[in-house]
Amino acid sequence: MSGGRARLLAALVAAGALLAAACGGDGRDAGTGDGAPTIEATNFAFAPREVTVAAGTTLRIRNGNASTTHTFTVPGQGIDVEVIPLATERVAVDLAPGTYRFVCRLHAAQGMEGTLTVEA
């Protein structure tokens, strides 16, 4: 793929992630019908950056990048999911109620992090 096409693809993926975050502030993925909250990992950022779920919820983590692997990691809590480019993984949030920081282990230095609030 030429450099111009790769940049165009990256821009379109980023625009889609921003649109999804703007239209679905709670992170729900309307396209699947199962109501599982979705966190998009694209261009060294998570969208949304703040997610609130009930304990026991399954999250969908989608990697919107065509060539970069990301992780969804809740440090010290046993949650560490690697998501290859353009793939989606699911992770069960079996955590006690509280507020947790999540990061991309590979890109935390670039500020790729967010906050997960778990409610009873």
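Refer to the structure presented above.
Residues numbered from 1 in each chain as written. Predicted model: local features only at pLDDT ≥ 70, side-chain atom pairs only at ≥ 80, totals over all residues. Heavy atoms only, no water.

Visitor: So what's going on with the overall build of the chain? Which residues, and what values?
Guide: Along the backbone of the chain there are one helix and nine strands. Across the chain, helices and strands are ordered from the amino to the carboxyl terminus as α-β-β-β-β-β-β-β-β-β. Residues classed as buried in the chain amount to 38% of the 120 residues present. When contacts within the chain are restricted to residue pairs at least 6 apart in sequence, those whose partners lie at least 24 apart make up 50%. Accessible surface, the chain as shown: approximately 6,400 Å² in total, 54% of it carbon and sulfur. (Helix = DSSP H or I, 4+ residues; strand = E, 2+ residues; numbered from the N terminus. Buried < 20%, exposed > 50% of the residue type's maximum accessible area, 1.4 Å probe, protein only. Contact = heavy atoms within 4.5 Å. Areas by Shrake-Rupley, 256 points an atom, 1.4 Å probe, with all protein chains shown as cover.)

Visitor: Lay out the pairing of strand E9 (residues 113-119) with the relevant residues and their values.
Guide: The alternating pattern of E9 places Gly 114, Leu 116 and Val 118 on a buried face, while none of Glu 113, Thr 115, Thr 117 and Glu 119, on the opposite face, is buried. Pairing of strand E3 (residues 50-54) with E9, which is carried by five bridges, proceeds in the parallel orientation. Opposite Val 53, over in E9, you have Val 118 as the bridge partner. Where strand E8 (residues 98-103) lies against E9, six bridges are found, and the strand directions are antiparallel. If you follow Arg 101 over to E9, its bridge partner there is Thr 115. (Pairing = 2+ DSSP bridges.)

Visitor: Lay out the sheet that holds strand E2 (residues 45-47) in plain terms, naming residues and giving numbers.
Guide: Read across the open sheet, the four strands follow the order E2-E1-E4-E7; overall the sheet is mixed. Each having just a single partner strand, E2 and strand E7 (88-92) make up the two edges of the open sheet. For this sheet, the mean inter-axis angle between neighbouring strands, taken without regard to orientation, is 25 degrees. Here three bridges tie strand E1 (residues 38-42) to E2, and the two strands are oriented antiparallel to one another. Counted as the bridge partner of Glu 40 is Ala 47 from E2. (Axes fitted to C-alpha atoms, helices over the stretch in contact; angles between N-to-C directions.)

Visitor: Describe in detail the environment of Val 83, supporting the description with residues and values.
Guide: Turning to its location among the elements, Val 83 is positioned in strand E6 (residues 79-83). When its relative accessible area of 2% is taken as the criterion, Val 83 is described as buried. Sequence separation of Val 83 and Cys 104 is 21 residues, and the distance between their C-alpha atoms is 9.9 Å. Every residue in contact with Val 83, bar those within four places of it in the chain, is listed here: Ile 61, Asn 63, Thr 69, His 70, Thr 88 and Glu 89.

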